[in-house]
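Listed below are the residues making up each chain.
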Amino acid sequence: MKSIVVKQPNDLVIEDRPLPTPAAGEVRVRIKLAGICGSDSHIYRGHNPFAKYPRVIGHEFFGIIDAVGEGIEPSRLGQRVSVDPVISCGQCYPCSVGKPNVCTSLVVLGVHRDGGFSEYAVVPAKNAFAIPDAISDRHAVMVEPFTIAANVTGQVNPGTKDIALVYGAGPMGLTTVQVLKGVYNVSQVIVVDRIDERLTMAKKSGADWVINNREHSLAAQLAEKGIQPTLIVDAACHPSILQEAISLASPAARIVIMGFSSEPAEIIQQGITGKEISIFSSRLNAHKFPVVIDWLTQGLIDPEKLITHTFDYHHVVDAINVFEKDQQRCCKVLLTFA
């Protein structure tokens, strides 16, 4: 089989590998589609602190089960599945309180273990979620990106009275916008970014108001309308954002941080306690695949609004270059394998 392998930073090859055999409790998936994420780019460029090389990247993937290991029902053969990349022990403290996404022995497909940028992948059977026939292949491969938004919103319980501010109109921000509007019916969703074309994508995904903070002061724009956001999501992931969010937030607001910046962020504690602001962080997803599949079945979210490019996997380097460089037109890039 052919696999996309990052041998070391900036050294990506497509190489022949033996067809894997599923062990007990596993299934083999013939990959049809996979999505490129920022973390794939970071591994390729050597900027992901968790990755080990060489690595078959890719943690957003969809395909068909074509072999099963011992203990797995043969009836699963031929099943269309999206794969949850989060593999957890189920026993440690985080797992015991419903946070397998930060398991003490966490393994993420495409990061710690070979992932889905391959013609075939072997995965735990429990991580392969059946996709209803009514959901297209293109939407099925987008389940994992939407689980990120499901994890964020699941922590903060958005409501119809909320005024939400989302920093960043990249894939994480846009999936969050769709979930806030389509699932939770949040009264107003404001999106701030520095690229007008991304803000246009945000409007298409349901944003009520978009602000280019390269051209306009976000604080001034909100103050002019007397708005204090009650829910703020940092999907832009810059260390300067947290303090600004604290200063803009309503009393009793919730703030969610999604980034992995290693740079220090300077904050004023009084701003947090004075308003009794709750600050959350969110990583990957905690058993959110069934939730997102249900949203897709109900038509509450629309992945098609985020898919901008599709490449045959042989052109993966071109695809990653577009993902990295064309921020005006590019949002979600898919690779086809079959």
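Refer to the structure presented above.
Please read these numbers as outputs of a predicted model, since none were measured by experiment. (Residues numbered from 1 in each chain as written. Predicted model: local features only at pLDDT ≥ 70, side-chain atom pairs only at ≥ 80, totals over all residues. Heavy atoms only, no water.)

### Side note on the environment of Val 186
Examined against the element boundaries, Val 186 turns out to sit in the loop between helix H5 (171–182) and strand S12 (188–193). Look at Val 186 and you get buried, because its relative accessible area is 1%. Measuring from C-alpha to C-alpha, the distance between Val 186 and Leu 231 comes to 9.9 Å, with 45 residues separating the pair along the chain. Leave out the neighbours within four places in its chain, and Val 186 touches Pro 158, Gly 159, Thr 160, Asp 162, Ala 164, Leu 180 and Lys 181. (Helix = DSSP H or I, 4+ residues; strand = E, 2+ residues; numbered from the N terminus. Buried < 20%, exposed > 50% of the residue type's maximum accessible area, 1.4 Å probe, protein only. Contact = heavy atoms within 4.5 Å.)

### Focus on the pairing of strand S13 (residues 209–212)
Relative to S13, S12 is paired through 4 bridges, and the arrangement is parallel. Among the inter-strand pairings, Ile 190 is bridged to a residue of S13, identified as Trp 209. Crossover handedness for the path S12 to helix H6 (residues 196–204) to S13: right-handed. (Pairing = 2+ DSSP bridges. Right-handed = clockwise from strand over helix to strand, strands pointing away.)

### Quick word on the pattern of salt bridges
Evaluated as defined, the whole model comprises 15 salt bridges. As a salt-bridge pair, Lys 32 and Asp 137 come within 2.9 Å of each other at their nearest N and O atoms. Of this pair, Lys 32 sits in strand S3 (residues 26–36) while Asp 137 sits in helix H3 (residues 137–140), and the two are 105 residues apart along the sequence. Glu 60 is the partner of Lys 332 in a salt bridge, and the nearest nitrogen-oxygen pair spans 3.0 Å. Of this pair, Lys 332 sits in strand S18 (residues 332–336) while Glu 60 sits in strand S5 (residues 60–68); the two residues are 272 residues apart in sequence, bridging distant segments of the chain. Looking at Glu 60, the relative accessible area reads 2%, which means it is buried. Through salt bridges with shared partners, a single ionic network connects Lys 7, Glu 15, Arg 17, Arg 55 and Asp 114. (Salt bridge = Lys/Arg side-chain N within 4 Å of Asp/Glu carboxyl O.)

### Details of the nonpolar core
Grouped together as the largest cluster of nonpolar side chains are 44 residues, with contacts concentrated most on Phe 117, Val 123 and Leu 335. The element contributing the most residues to this core is S3, with 5 residues. Ignoring anything within four residues of it in the chain, the contact list for Val 123 reads Glu 26, Val 27, Val 29, Phe 61, Val 83, Leu 109, Arg 113 and Ala 128. Within the second largest apolar cluster, 43 residues are counted, among which are Ile 131, Ala 149, Val 177 and Val 189. (Core = buried A, V, L, I, M, F, W, Y, C linked by side-chain atoms within 4.5 Å.)

### A short note on the sheet that holds strand S2 (residues 11–16)
One open sheet holds the 3 strands; their spatial order is S2-S1-S4, and the pairing between them is antiparallel. Of all strands in the sheet, those bounded by a partner on one side alone are S2 and strand S4 (55–56). Note: strand S1 (residues 2–8) against S2, 6 bridges, orientation antiparallel. Note that in S2 the partner of Ser 3 across the bridge is Glu 15.

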